[in-house]
Amino acid sequence: MADNGVPEAQRVVVVPDVGWPDPVGLPGGVASELPNQLLSARLGQGAPGSDVSRGTTAVGWPSAQEPPGTPPGSAVASGGVVDARLPVPARTRVMAVTNQKGGVGKTTTAVNLAAALAHGGQRVLVVDLDPQGNASTALSIEHAEGTPGVYEVIVGGSPIRDVVRTSPEVEGLEVLPASIDLAGAEIDLVSLVARESRLSRALDVYLAEQKEAGRRLDYVFVDCPPSLGLLTVNALVAGREILIPIQCEYYALEGVGQLLRTVEMVRTHLNPDLVVSTIVLTMHDARTRLSSGVAEEVRAHFPNQVLRTAIPRSVRISEAPSYGQTVLTYDPGSSGALSYLEAAREMATRGTAAGTPDGVTP
Ligand code: ADP
Ligand code: MG
């Protein structure tokens, strides 16, 4: 563990004393420090290979050399806009965006990555699985009480095609909205048949329908609530990949061990293909040693999962939802927008570069 100037007392804060996954692929020194008896959740890198590109829409994609955090607009102004096409994955990547801590950037990451990928020519569905409906709000999708959405799908058995909406803001982006009605789902699900796989089944049907109609979806992001209840389990069963946003703050990794134990349980009993493929560092403040220290710790523990691109703390990112927008349209040249674009590109390309088909770290 590199000493980056963060006092020991602070550094230990970000290392949880709970179970860590099987430290496959971790540096020897780090691996030997981690308890591995609690978990054997395989951590994956990237996703199924990708080799095709699809057309795109014009947004200010930063050049590959340009680090996030570059002054707003510079990528555009300097002529740094580069080929925005992203490789299309070999098959639909269904990603559960989860971390049972609230306020770590799950929703923000789900909607902005989804929008960035859609701008890159991908067909993307966002499933809002949080009764607060923040992802629906951010994407400008009606979700007042009584609005049909994901509740009707997982509890009522409605087909997704009947309730899915098209984003008015971003071409290629669909949203399965959540209203406050979803708050009752945790209880309503308990007595239902196949209660853990309701979303998975509905999604399989929808993905097959879309594929048949020549509109194959490339990505599905499931924005989870801040808990490890049945809704989140539904997301973990529906997804093949897990994306964990981790906030660059005190107690960043608190609860991650518990999340990974849940993942392992789901892998064992319900979804053997599930891998933690992606970790996104959020609200990174390069000016503080704490933020950098946390980022370093997380990278040390998950060297193959953490995206190189960290999302900076940015007022623009937090303002965008109140205008029903993602940061990509709210302030396309901002560091927040550029970092989500870069993170999306990294996600889209790393599967080809290093990932093995089942996502296991070599
Ligand atoms: P979660 O879905 O995990 O509860 P959110 O995505 O809703 O977390 O984010 C929590 C709060 O932090 C929101 O107010 C959001 O606008 C803000 N936020 C998220 N990411 C950033 C960021 N990079 N910079 C500044 N504020 C952020
Ligand atoms: Mg949220």
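Described below are features of the structure shown in this document. (Residues numbered from 1 in each chain as written. Chains lettered and ligands numbered in written order. Predicted model: local features only at pLDDT ≥ 70, side-chain atom pairs only at ≥ 80, totals over all residues. Heavy atoms only, no water.)

Take the site of ligand 1 next. Near ligand 1 lie 14 residues; those nearest to it are Gly103, Thr107, Thr108, Pro312 and Ser314. Here an oxygen atom of ligand 1 and a backbone polar atom of Val104 are 3.1 Å apart. At a separation of 2.9 Å, an oxygen atom of ligand 1 approaches a polar side-chain atom of Thr107. Across the complex, the protein chains shield 78% of the 560 Å² of accessible surface that ligand 1 would expose by itself. (Near = heavy atom within 4 Å. Polar contact = N/O pair within 3.5 Å; in protein donor to acceptor, adjacent residues only side chain to side chain. Areas by Shrake-Rupley, 256 points an atom, 1.4 Å probe, with all protein chains shown as cover.)

Okay, the packing of aromatic side chains next. Working definition: an aromatic ring pair is given by the centre-to-centre distance plus the angle between the planes. With the rule as written, the count across this model stands at three aromatic pairs. Summarising the aromatic geometry, the rings of Tyr219 and Phe221 are spaced 6.1 Å apart at their centres and angled 10° between planes, so their arrangement reads as stacked. Classification of Tyr219 as buried rests on a relative accessible area of 0%. With a centroid separation of 5.1 Å and 20° between ring planes, the pair formed by Tyr323 and Tyr330 is classed as stacked. Overall, the relative accessible area of 21% leaves Tyr330 in the partly exposed class. (Phe/Tyr/Trp six-rings, centres within 6.5 Å; stacked < 30°, edge-to-face > 60°. Buried < 20%, exposed > 50% of the residue type's maximum accessible area, 1.4 Å probe, protein only.)

Two numbers describe how helix 10 (residues 230-238) lies on helix 11 (residues 256-269): the axes approach to 10 Å, and their chain directions differ by 55°. When the axis of helix 10 is compared with that of helix 11, the two are oblique. For the element pair helix 10 and helix 11, the recorded crossing hand is right-handed. The residues of helix 11 that touch helix 10, namely those facing Val233, Leu236 and Val237, are Thr262, Val263 and Val266. Class assignment of the residues belonging to the contact of helix 10 with helix 11 gives a composition of five nonpolar, one polar and no charged. (Axes fitted to C-alpha atoms, helices over the stretch in contact; angles between N-to-C directions. Helix = DSSP H or I, 4+ residues; strand = E, 2+ residues; numbered from the N terminus. Parallel < 35°, antiparallel > 145°, perpendicular 65-115°, else oblique. Left-handed = near helix turned anticlockwise from the far one by under 90°. Contact = heavy atoms within 4.5 Å. Nonpolar A, V, L, I, M, F, W, Y, C, P; charged D, E, K, R; others polar.)

Reading across from one edge, 5-6-4-7-3-8-9 is the order of the seven strands in this open sheet, with mixed pairing throughout. Both outer strands of the open sheet, strand 5 (165-166) and strand 9 (275-282), are each paired with one neighbouring strand and no more. The pairing of strand 4 (residues 124-128) with strand 7 (residues 219-223) spans five bridges and is parallel. The residue bridging Asp128 from the neighbouring strand is Asp223, located in strand 7. (Pairing = 2+ DSSP bridges.)

What follows is about helix 4 (residues 106-119). Between its first and last C-alpha atoms helix 4 spans 20 Å; for 14 residues at 1.5 Å apiece the expected length is 20 Å, and the two agree. Taking burial as the measure, the 14 residues of helix 4 include 13 buried ones, the bulk of the element. The first or second residue beyond helix 4 is Gly121, which carries a positive phi of 95°. (Expected span 1.5 Å × (residues − 1).)

With that settled, the discussion passes to the pattern of salt bridges. By the definition in use, this model includes eleven salt bridges. In this structure, Lys101 and Glu254 form a salt bridge, with 3.9 Å as the shortest nitrogen-oxygen distance. Taken together, the residues span a long stretch of sequence, with Lys101 in the loop between strand 3 (93-97) and helix 4 and Glu254 in the loop between strand 8 (241-247) and helix 11 at a distance of 153 residues. By relative accessible area, Glu254 is classed as partly exposed at 45%. The partner of Glu342 in a salt bridge is Arg345, with the nearest N and O atoms 3.1 Å apart. With Glu342 and Arg345 both in helix 15 (residues 335-353) and three residues apart, this pair spans about one turn of that helix. Classification of Glu342 by relative accessible area gives buried; the value is 6%. (Salt bridge = Lys/Arg side-chain N within 4 Å of Asp/Glu carboxyl O.)

A few words now on the packing of helix 9 (residues 198-212) against helix 10. Contact pair helix 9 / helix 10: the axes reach a minimum separation of 7 Å and the direction vectors enclose 40°. It follows that helix 9 is oblique to helix 10 by the angle criterion. In this structure, helix 9 crosses over helix 10, and the sense of that crossing is right-handed. Note on element contacts: helix 10 touches helix 9 through Asn234, Ala235, Val237 and Ala238, opposite Arg198, Leu199, Ser200 and Leu203. In terms of residue class, the contact of helix 9 with helix 10 is built from five nonpolar, two polar and one charged.

Counted residue by residue, strand 7 has five buried out of five residues, so it is predominantly covered. Side chains of strand 7 alternate between two faces, with Tyr219, Phe221 and Asp223 and Val220 and Val222 buried alike. Examined bridge by bridge, strand 3 and strand 7 share five bridges and lie parallel to one another. What sits directly across from Val97, in strand 7, is Asp223.

This paragraph deals with the nonpolar core. If you look at the biggest cluster of nonpolar residues, it comprises 55 residues, and the most contacted ones within it are Leu125, Ile154 and Val298. Among the elements that line this core, the one with the most residues is helix 10, at seven residues. Here Val298 is in contact with Ile246, Leu253, Ile279, Leu281 and Val306, once residues within four sequence places are set aside. Counting 38 residues, the second-largest nonpolar core is a separate cluster that includes Ala114, Ala115, Ala116 and Val280. (Core = buried A, V, L, I, M, F, W, Y, C linked by side-chain atoms within 4.5 Å.)

Purely geometric numbers; function is a separate question.
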